[in-house]
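# Analysis of the macromolecular model
Here is how the chains run, residue by residue.
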Amino acid sequence: MTVVTRFAPSPTGPLHIGGARTALYAWLYAKRHGGQFILRFEDTDRERSAETYARSILESMAWLGLHHHQGPLYQSQRMPRYHQVVQQLMAAGLAYHCYCTPQELDEMRAAQRQRSEKPRYDGRCRQRTAPRPGVPPVVRFRNPPDGEVVFDDLTKGTIVVANTELDDLILVRSDGQPTYNLCVVVDDLDMGVTHVIRGEDHVINTPRQINLFAALGAHPPRFAHVPLIMGADGKPLSKRHAAVDTLAYREQGYLPQALLNYLFLLGYSVGDQERFTLQEMADVFDLARVHRSSAVFDPKKLLWLNHQYIKESSPDLLAPLLLEHLAQRGCVPSAAPPLPAVVSIQQERCKTLAEMADKSLFFYAPPAGYAPKATERYFLQPHAARLLAAMSQQLAELGEWSQPEIARAIHQAATSFQLTLADVAQPLRLALSGDTVSPPIDATIYWLGRDEALQRLNAALVFLQSQAGGSAARSTAC
RNA sequence: GUCCCCAUCGUCUAGAGGCCUAGGACAUCACCCUUUCAAGGUGGCGACACGGGUUCGAAUCCCGUUGGGGACGCCA
């Protein structure tokens, strides 16, 4: 039997990070067993579904690299089939018209709650034969009145639910639109889905769907329900805790491999192994080993993982991604240094590509100003101007423009000025980048290039001169 | 409230009755390295929710309590 799994989001929002994990697990299971992975949009709620969300979900899946073999399928395009099934159920007496109004149902539930009962449809229209004038009916499924539904959830184990706990679910709305519970069953059946892997919020739907499969004379697929993802406070993950839109992670400079790796670990483990490629995940994936309890989303560990991937990725691979993030910041590198070179000296110190872009902007644009505190500490020193001037001259006269030669010049300056290396490097950083944080100063100078480095040093010297006059002027003014 | 599910460091987890003085990772703290920031290295802090059983022996099996989550829609 060929394994067929599916991911079936409703396009009522972007791809939630929890949905992404469910999709990953479904994808892995198919991959593991050489099966098929279907992407299907459950867009039966015409009010809330939107094409833009479907596109966003598609983009998320593509970014993650979770490619589907079939689809994307849209339930909204399968209406005739659903109505055909409803006809069949009606004819067999397995479904019936219900004329209760929403208001009546509300009252019924309120009364049930008052009696400490579980609110559910009491089946009052089950025996009705005559229509109720002026009230468009819904179609309800005639759920078995007694007995119990038992199913082996592939991750949660055996689950038993009494039929008395299940009410007659609505198959078709009063406006003629079929509902989720009908469509999933028909689709999973028609599409030959063998393994339904979905969020835990669907466990209670499962026995009802199993009854529906039975009514249709079909064997249900196997089910596996994966726990939900929580925020730091133990509440379901929401925008309050972290970004929940998958694409937001791309914008923030995360690598899909890192996100996938993190999501995989959030509910699955293989001994002490922390790092997995998609292939490695697929090789070990087993639904029975998916954890049964929900996990808390920890942005810090995701960040750490992302950093690991950034550190180990090839600069050539990261360069185009860095380019995008630079472009978003209005920076379009035209001259040196080459992007891969920037990546190679930044990847060790940047946890995201966004951070890398922020910290690399100075390579392509001279500082617009100098950090005030750093200025005070490193520029407003008696020797600052002499030091910068000396460095400027040394660099200008350097025979070979290489990192070791530049380093040598810096060491010489430290010796002749009787300064520590840090006291030479910091003013240089400030002059070149506008602040005191950069990759190693020799590498920074080297990749900036001789002309650019000299220009910036000279600009800093001009600034120092203006400060000398300016601060005196200010002190008299105050 | 009713039904279903779950329970090891702050977080993700290892753990299938003796290998557990409970292991790893993130975070955190200290130190080392150091040209800033990082990275790296070394070490520290830190958990079996509680109560009963079963057993020679329980983090591991059973029951209960507590706590958490899910569901209870003409949403999916």
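Note: the structure precedes this text.
What this report covers is the structure whose coordinates are included nearby. Remember, it's a predicted structure, so these values are computed and weren't measured experimentally.

### Here we look at the nonpolar core
Judged by nonpolar contacts, the single largest core of 103 residues is most densely connected at Leu24, Tyr25, Leu28, Phe264 and Phe297. When near neighbours in sequence (up to four residues on either side) are disregarded, Tyr25 contacts Ile197, Val226, Leu263, Phe264, Leu266, Gly267, Tyr268, Phe285 and Val290. Ile159, Val161, Leu166 and Ala218 belong to the second largest nonpolar core, which has 31 residues in total.

### Let's talk about the pairing of strand E6 (residues 148-153)
The side-chain alternation of E6 yields one buried face, formed by Val149, Phe151 and Asp153, and one unburied face, formed by Glu148, Val150 and Asp152. Pairing geometry for E6 and strand E7 (residues 157-162), over six bridges, is antiparallel. Along E7, the bridge assignment pairs Val150 with Val160. What sits between the antiparallel neighbours E6 and E7 is a turn of three residues.

### Points about the layout of surface pockets
When its volume is computed, the largest pocket comes out at roughly 980 Å³. Taken together, the elements giving at least two residues each to the lining of the largest pocket come down to strand E1 (4-7), helix H1 (17-32), helix H5 (180-190) and strand E9 (195-199). The element that contributes the greatest number of residues to the lining of the largest pocket is H1, accounting for four residues. Of the residues that constitute the lining of the largest pocket, the class distribution is 16 nonpolar, 11 polar and 10 charged. Lining the second largest pocket are 19 residues, and of these Trp63, Tyr254, Leu255, Pro256 and Leu321 lie nearest its centre. Broken down by element, the residue count for the lining of the second largest pocket peaks at six residues, all from helix H11 (residues 315-328).

### Focus on the packing of aromatic side chains
In this structure the tally under the stated criterion is 14 aromatic pairs. For the pair Tyr262 and Phe297, a centre-to-centre distance of 5.4 Å together with 90° between the ring planes defines the contact as edge-to-face. You can see Tyr262 sitting in helix H8 (residues 256-265) and its partner Phe297 sitting in the loop between strand E12 (295-296) and helix H10 (299-312), a full 35 residues away along the chain. Exposure remark for Phe297: the relative accessible area of 4% places this residue in the buried category. For the ring pair Phe379 and Phe463, a centre distance of 6.2 Å and an interplane angle of 50° mean the geometry is tilted. Of this pair, Phe379 sits in helix H14 (residues 372-379) while Phe463 is found in helix H19 (residues 450-477), placing the two residues 84 residues apart along the sequence. Site record: aromatic cluster; members linked through ring pairs are Tyr25, Phe264, Tyr268, Phe276 and Phe285. Above the plane of the ring of Tyr121 lies Arg140, whose end atom (NZ or CZ) is 3.4 Å from the centre. Its end group placed over the ring of Tyr309, Arg275 keeps NZ or CZ at 4.3 Å from the ring centre.

What counts, and where the lines are drawn
- Residues numbered from 1 in each chain as written.
- Chains lettered and ligands numbered in written order.
- Predicted model: local features only at pLDDT ≥ 70, side-chain atom pairs only at ≥ 80, totals over all residues.
- Heavy atoms only, no water.
- Core = buried A, V, L, I, M, F, W, Y, C linked by side-chain atoms within 4.5 Å.
- Buried < 20%, exposed > 50% of the residue type's maximum accessible area, 1.4 Å probe, protein only.
- Contact = heavy atoms within 4.5 Å.
- Helix = DSSP H or I, 4+ residues; strand = E, 2+ residues; numbered from the N terminus.
- Pairing = 2+ DSSP bridges.
- 1 Å grid on protein atoms, 1.4 Å probe; cavity = no way out; pocket = protein on both sides within 12 Å on 5 of 7 lines; lining within 4 Å.
- Points joined across faces, edges and corners; volume = space filled by probe spheres on them.
- Nonpolar A, V, L, I, M, F, W, Y, C, P; charged D, E, K, R; others polar.
- Phe/Tyr/Trp six-rings, centres within 6.5 Å; stacked < 30°, edge-to-face > 60°.
- Lys NZ or Arg CZ within 6 Å of the ring centre and 35° of its normal.

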